[in-house]
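Residues per chain are reported as follows:
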Amino acid sequence: MRLVNPLASVTREEARGLRVVPDLNAPRVLVLNASYEPLHVTSAKRAITLLQYGVAEVLEVSADVVRSPSTILRVPSVIRLRRYVRRPRVHPVPFNRRNVLRRDTFACQYCGSEADLTLDHVLPRSRGGRHNWENVITACRACNQRKGNRTPDEAGMPLRSRPRAPTFGVYAHGQFAHWQPEWARYIQG
């Protein structure tokens, strides 16, 4: 793993192809514990402060820069705390429509369509199916109606992925609009 010094200035020529961060308080930096476990997503401003005080180190940098009159700094994308922080008991991700859509990446779990999405019970409720993470998926209206009151096996409609309760990674992936591809190897969903 190559550590980068984000506090080193970038020359004006190097900064030409990079974006200037419009809002330093927008969540866009993934914070990992010393054990590389994802803790949360923080603002660029907070991440740079943690780096300046030596509390964290940079693992990945983004294509964003922060400008001041005399300095241009690269904005980190992933930082890791130098000391282990004991996490409080992890609360489960709330079960609701928005989080089911996030977990399933806003796509039908039968055909992959992203239009006209509904929720579908894998084992229909009329046949004893529960209304929980392991039985509810995202489906487009056409697939939901075609499946009807049958299981996916009975309808001949295999699922793209098995439904399960999401972890932090899946929740963070959908929760933050500025999710970045370089986070994928640190967030396990």
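Structure: above.
This text gives an overview of the structure that appears in the document. (Residues numbered from 1 in each chain as written. Predicted model: local features only at pLDDT ≥ 70, side-chain atom pairs only at ≥ 80, totals over all residues. Heavy atoms only, no water.)

A separate point is the pattern of salt bridges. Within the structure shown, the criterion is met by eight salt bridges. Residue arginine 28 is joined to aspartate 64 by a salt bridge in which the shortest nitrogen-to-oxygen separation is 3.9 Å. On the criterion of sequence distance, the pair formed by arginine 28 in strand β2 (residues 27–32) and aspartate 64 in strand β4 (residues 56–67) is long-range, its members being 36 residues apart. The salt bridge involving arginine 82 is made with glutamate 57; its shortest N-O contact spans 3.3 Å. Pair noted here: arginine 82 is in the loop between β5 (72–81) and α2 (97–103) and glutamate 57 is in strand β4, with a separation of 25 residues, a long-range link. On the accessibility criterion, arginine 82 (48% relative accessible area) is partly exposed. Residue class for glutamate 57 comes out buried when judged on its relative accessible area of 10%. A single salt-bridge network, built from bridges that share partners, covers Glu57, Arg80 and Arg82. (Salt bridge = Lys/Arg side-chain N within 4 Å of Asp/Glu carboxyl O. Helix = DSSP H or I, 4+ residues; strand = E, 2+ residues; numbered from the N terminus. Buried < 20%, exposed > 50% of the residue type's maximum accessible area, 1.4 Å probe, protein only.)

Taken as a whole and assessed by the stated rule, the structure comprises one aromatic pair. Taking the centre distance of 5.1 Å and the plane angle of 80 degrees together, the rings of phenylalanine 95 and tryptophan 133 count as edge-to-face. Of this pair, phenylalanine 95 sits in the loop between β5 and α2 while tryptophan 133 sits in the loop between β6 (117–121) and β7 (136–140), placing them 38 residues apart in sequence. On the basis of relative accessible area, tryptophan 133 is assigned to the buried category, the value being 9%. (Phe/Tyr/Trp six-rings, centres within 6.5 Å; stacked < 30°, edge-to-face > 60°.)

In terms of nonpolar packing, the biggest core is built from 15 residues, with Val29, Ala56, Val75 and Ile79 touching the most fellow members. Elements represented by at least two residues in this core include exactly β2, α1 (44–52), β4 and β5. Residue contributions to this core peak at five residues, all from α1. Each residue touching isoleucine 79, except ones within four places of it in the same chain, is listed here: Val29, Leu30, Val31, Leu32, Ala47, Leu50, Leu51, Ala56, Glu57, Val58 and Leu59. Core analysis: the second largest hydrophobic core is formed by eleven residues, Leu117, Ile137, Cys140 and Met157 among them. (Core = buried A, V, L, I, M, F, W, Y, C linked by side-chain atoms within 4.5 Å. Contact = heavy atoms within 4.5 Å.)

Turning next to α1. Taken together, the buried positions of α1 are occupied by Ala44, Ala47, Ile48, Leu50 and Leu51. Buried residues of α1, seen end-on, are gathered within an arc of 160 degrees and therefore sit on one face of the element. Of the residues flanking the end of α1, it is glycine 54, one or two places downstream, whose phi is positive at about 75 degrees. (Arc of directions from axis to C-beta.)

The next thing to look at is unusual backbone geometry. Phi at phenylalanine 106 is positive, roughly 55 degrees, even though this residue is not glycine. Structurally, the position occupied by phenylalanine 106 is in the loop between α2 and β6. Look at phenylalanine 106 and you get partly exposed, because its relative accessible area is 40%. The phi angle at aspartate 116 is positive, at roughly 55 degrees, despite the residue not being glycine. Relative to the helices and strands, aspartate 116 resides in the loop between α2 and β6. Residue aspartate 116 is classed as partly exposed on the basis of its relative accessible area, which comes to 47%.

Treat this as a map of the structure, not an account of what it does.
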